[in-house]
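Next come the chains, spelled out residue by residue.
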Amino acid sequence: MAIGRSPRADVRRSPSSFSSTAVIVVFVALCLVGVWMMTSSSVVPVQNIEISQDGKVDVKDTTTEPDTRQFEDNPGVLPEDATKGDSNQSSPQDNQKSSQQSNGDASQENQVQKSEESGDKVTGTEDTSNPEKSTGSDDTSNPEKSTDTVAGSDDASNLEKSTDKATGSDDTSNPDTETNSGESKTEDGGSNSESGETKTEDGETNASEKSESGENPGETKEEDKMGGQTEENQDKESESSSDKKEDEDKSQVQNEVLPDAAQAEIQNETTTQNGAFSTQRSESKNEKEVQQSSVAKDESASEYQWKVCNVTAGPDYIPCLDNIYAVKRLRSTKHYEHRERHCPEEPPTCLVPLPEGYKKSIKWPKSRNKIWYSNVPHTKLAEIKGHQNWVKVSGEYLTFPGGGTQFKQGALHYVEFIQEELADIAWGKQSRVVLDVGCGVASFGGFLFDKDVLAMSFAPKDEHEAQVQFALERGIPAISAVMGTTRLPFPGRVFDVVHCARCRVPWHIEGGKLLLELNRVLRPGGYFVWSATPVYRKEAEDVGIWKAMSELTKKMCWDLLIVKKDTVNRVGVAIYRKPSSNECYGKRPQDDPPLCKESDDPNAAWNITMQSCMHKLPVQASERGSQWPEQWPLRLEKPPYWLKSTELGVYGKAAPEDFTADYEHWKRVVTNSYLHGMGISWSDVRNVMDMRSVYGGFAAALKDLNVWVMNVVTIDSPDTLPIIYERGLFGIYHDWCESFSTYPRSYDLLHADHLFSKLKKRCNLVAVMAEVDRILRPEGKLIVRDNVEIINEIERMAKSLKWEIRLTYSKDAEGLLCVQKTMWRPKEIEVIASATV
């Protein structure tokens, strides 16, 4: 088809006239290039683009270097804005690998080289930071996306060698003149390309490589089309194959992070149901009324005004245990009411200060033996218990020889002594989950890890200053709690062993109410290990207590298996066993202690008053507690025998299938995403909390790491905590509208799966986020999975807290967020009257 030509283009010229014209055209082109570069220097893009001698393009972001290794099975398939603020995790090798992946295959690289050799260039803006490099206003990291390269100092010689140059959309050339590379220009000076618009990683659209459909109209010589047809077809096939593979990989990774309902329907958290499980709220009829706080408004990060809490407890502030106002108004403290939870009416929204000189915690297992003194600057316990090898001050460290009141020569010997005297206890196989009462600094639990045993250790926040805080800083599970007037926040019949090493609990008084509480949480056939002076001393007081305990345990039908003295530590140990049937209860001459009423739910534990009674044991073979769980680690993976296929699970399947599907999902997500895609150094992670656990699948998926996981089952969720214990894990009931019973800076990583969207209906999310900040260690991570609206809100709060955004990702209204806490504390102070003397 004929195309209209300008009058100048129709004039035939003599050779001399042609030479003069060519010189003029070259001169004008060079002038235009110079003017363009000088006027465009102010719009240099944020990327430094380097083209090496082999034609490969290295793209470096000067503002941030996002970690493209999102997921190990297919690096870099997520959008560029999926990761943020993780520049210190990227090495030069990682950046080079990332840029090579974005360049495509070898044919695309050859295309860039060929373009450079021919001298066919489109001018752009000059990179003033590196004038010898070829840069452009568009992203040239992928030659299929953009051929817009910038003419630098080396490009001037190429421009002089070629009589066919494209200097911009207004440049014209002689249609009858061939270029050195054999490619001719269109008569209006435009250049044809094979691809349409592509979007750069910065979100800008390149106008280069326009198609022949008219986006950049022009006419190309037939021989150029034929000469490049083979290479073009190969490039297209390669591009199609590469795009197809990338789409498949991207789809696979997206499904791993946020699975489609068709592939993992159990993850549609918005459609979860109670299934066959009741909630802790319904079980606990007398629980404290839920806080009805105003919902946090959808505000920008700059509108969150954070302040530092000014309280008497200072950096050790636990809101529900340091409510001085409530404690002063208690009618009695006889039953340790002042050590129990008394949460303020409005949860605090301020931030707890850091101790002066706070340092990053020492890694496990070294932390079991020593911690930084500056992180827990308390010496009272060392002064009182130093001779018992609890804790000692050694320069800038607090050291833990592994001793305790009843095992001065070390907890490991004590643990092995118990096993030697009672082989049936079978640490790490038969006995997996232990409750350590009055734990001290939790050395007993710390050395049980060597035996594949988990110990839930607890002690009150009392005059034994910071004992639970020491345990947590060491990397040992512990909570602040006391045996007072209310039930412990655990379901009934879940602990394999309960341990008390001179825990200062008067088990025998008031009808044995406190020991009966241990009976509630102890599994049928489980063991009570009691190491205290009444076991081996002959003083009058000790003899009296031993007699009272003997009578009480006999009435409770506990069997005294052994009473043995440890010659090394020179202390005695008594081990009792709870019955596994109701036979003994019916043979007692008196109903004392009485059996609980049938209506008394042993699993009700949230703000429930202790009862001086015993619950009947399960009779039916299909009831929980009628059989001992499978030995560890089989019990972790196998659905409990008492999960019935006729009952629905949380996600709508039959309960055993629901359990298995949940476990398989979390194994996949943890392996493909959490372990490799978040830039988390898991060797730095020890204390982990799953803030909304269901079956404990997340914790189970981490079993091969040197971490322990506190599984939290919220009081308004299906009561699946017994399942978590059955599989050899542990956890606790909690209401996140209140403060958790732990010291500040307790956890290295918090995991919240569709928690915040549920809390927003009844809690102040600002207060919840302040609580997250309180219990998370500096440099600790928070992983949130929720709907996009909540993800955006939590991200804004995190930014206002000066936290680092490590990863953001969303798909189909579902999102994933990973943030890292920093050392930042605000300068403004807020006085909390209820926590100030």
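Higher on the page you've got the structure.
The paragraphs below set out a description of the structure included in this document. (Residues numbered from 1 in each chain as written. Predicted model: local features only at pLDDT ≥ 70, side-chain atom pairs only at ≥ 80, totals over all residues. Heavy atoms only, no water.)

We now examine the state of the cysteines. A full pass over the atoms with the stated rule returns 6 disulfides. Residue Cys-320 pairs covalently with Cys-343 via a disulfide, S to S 2.0 Å. The chirality of the disulfide connecting Cys-320 with Cys-343 is right-handed, given an S-S dihedral of about 110°. Taken together, the residues Cys-320 in the loop between strand 5 (308-310) and helix 7 (324-328) and Cys-343 in the loop between helix 7 and strand 6 (370-372) connect sequence positions 23 residues apart. The class of Cys-343 is buried, set by a relative accessible area of 11%. Each sulfur in the disulfide pair Cys-557 and Cys-584 lies 2.1 Å from the other. Judged by the sign of its S-S torsion, about -80°, the bond between Cys-557 and Cys-584 is left-handed. Here Cys-557, found in the loop between helix 14 (540-555) and strand 14 (559-566), pairs with Cys-584, found in helix 15 (residues 583-587); they are 27 residues apart in sequence, far enough to count as distant. The partly exposed category is assigned to Cys-584, whose relative accessible area is 30%. Indicated for the chain is the disulfide connectivity 1-4, 2-3, 5-6, 7-8, 9-10, 11-12, based on numbering the bonded cysteines in sequence order. (Disulfide = S-S within 2.5 Å. Helix = DSSP H or I, 4+ residues; strand = E, 2+ residues; numbered from the N terminus. Buried < 20%, exposed > 50% of the residue type's maximum accessible area, 1.4 Å probe, protein only.)

So, on to the packing of aromatic side chains. By the definition in use, this model includes 22 aromatic pairs. Considering the side-chain rings of Trp-507 and Phe-528, the 6.0 Å spacing of their centres and the 80° angle between planes classify their relative orientation as edge-to-face. Here the residue Trp-507 occupies a position in the loop between strand 12 (495-501) and helix 12 (513-521), and Phe-528 occupies one in strand 13 (residues 522-531), the gap between them amounting to 21 residues. Phe-528 shares its class with Trp-507; the two are buried. Chaining the aromatic ring pairs together yields one cluster made of Phe-407, Tyr-414, Trp-427 and Phe-444. Between the NZ or CZ atom of Arg-523 and the centre of the ring of Trp-628, over which it lies, the distance is 5.7 Å. Just above the ring of Trp-642 sits the side chain of Arg-624; from NZ or CZ to the centre is 5.9 Å. (Phe/Tyr/Trp six-rings, centres within 6.5 Å; stacked < 30°, edge-to-face > 60°. Lys NZ or Arg CZ within 6 Å of the ring centre and 35° of its normal.)

Another aspect to go through is the side chain of Asp-566. The residue Asp-566 is located in strand 14 in this model. Polar contacts involving the side chain of Asp-566 include one to the main-chain amide nitrogen of Val-568, which spans 3.0 Å. Here Asn-569 takes part through its side chain, which lies 2.8 Å from a polar atom of the side chain of Asp-566. (Polar contact = N/O pair within 3.5 Å; in protein donor to acceptor, adjacent residues only side chain to side chain.)

Attention now goes to empty space enclosed by the protein. A full pass over the atoms with the stated rule returns 14 cavities of 30 Å³ or more. By volume, the largest cavity amounts to about 170 Å³. Lining the largest cavity are 20 residues; nearest its centre among them are Pro-347, Pro-348, Ser-739, Ala-767 and Glu-771. In terms of residues, the lining of the largest cavity owes the most to one element, helix 21 (residues 765-775), which gives 5 residues. Here the residues of the lining of the largest cavity sort into 15 nonpolar, 2 polar and 3 charged. (1 Å grid on protein atoms, 1.4 Å probe; cavity = no way out; pocket = protein on both sides within 12 Å on 5 of 7 lines; lining within 4 Å. Points joined across faces, edges and corners; volume = space filled by probe spheres on them. Nonpolar A, V, L, I, M, F, W, Y, C, P; charged D, E, K, R; others polar.)

Further remarks concern the sheet that holds strand 22 (residues 814-820). Neighbouring strands of a sheet are bound in pairs by backbone hydrogen bonds; such pairs are parallel or else antiparallel. With mixed pairing, 7 strands are arranged side by side in an open sheet as 18-17-16-19-20-22-21. Looking along the sheet, the strands with just one partner apiece sit at the ends: strand 18 (731-734) and strand 21 (804-811). Taken pair by pair, the neighbouring strands of this sheet meet at an average axis angle of 15°, ignoring direction. Both strand 17 (residues 708-714) and strand 18 contribute to a ladder of 4 bridges, which runs parallel. Along strand 18, the bridge assignment pairs Val-713 with Tyr-733. Each of strand 19 (747-753), strand 20 (776-787) and strand 22 touches helix 17 (residues 655-674); the most contacted strand, strand 20, lies at about 125° to it. Sheet contacts for helix 22 (residues 788-800): strand 20, strand 21 and strand 22; angle to strand 20, the most-contacted strand, approximately 160°. (Pairing = 2+ DSSP bridges. Axes fitted to C-alpha atoms, helices over the stretch in contact; angles between N-to-C directions. Contact = heavy atoms within 4.5 Å.)

Strand order in the open sheet formed by 3 strands is 6-8-7, and the pairing between neighbours is antiparallel. Either end of the sheet is taken by a strand with one partner, and the two such strands are strand 6 and strand 7 (392-394). Within the sheet, the average angular offset between the axes of one strand and its neighbour, ignoring direction, is 30°. Pairing analysis gives 3 bridges linking strand 7 to strand 8 (residues 397-399), with the strands arranged antiparallel.

What follows deals with a nonpolar patch on the surface. Together, Ile-24, Phe-27, Val-28 and Leu-32 make up a nonpolar patch on the protein surface, roughly 400 Å² of accessible area in all. Among the structural elements, Val-28 can be located in helix 1 (residues 15-40). (Patch = residues over 30% accessible without salt bridge, like charges linked within 9 Å, V, L, I, M, F, W, Y side chains within 5 Å. Areas by Shrake-Rupley, 256 points an atom, 1.4 Å probe, with all protein chains shown as cover. Salt bridge = Lys/Arg side-chain N within 4 Å of Asp/Glu carboxyl O.)

A few words now on the pairing of strand 10 (residues 454-459). Side-chain positions along a regular strand alternate between the two faces of the sheet. Most of strand 10 is tucked away, with 6 of its 6 residues classed as buried. With 5 bridges joining them, strand 9 (residues 433-437) and strand 10 adopt parallel strand pairing. Bridged to Asp-436 within strand 10 is Ser-457. Crossover connection from strand 9 via helix 10 (residues 443-448) to parallel strand 10: handedness right-handed. When strand 10 meets strand 11 (residues 478-480), the two strands line up parallel, connected through 3 bridges. Opposite Ser-457, over in strand 11, you have Ala-478 as the bridge partner. The handedness of the strand 10 to strand 11 crossover, carried by helix 11 (residues 467-474), is right-handed. (Right-handed = clockwise from strand over helix to strand, strands pointing away.)

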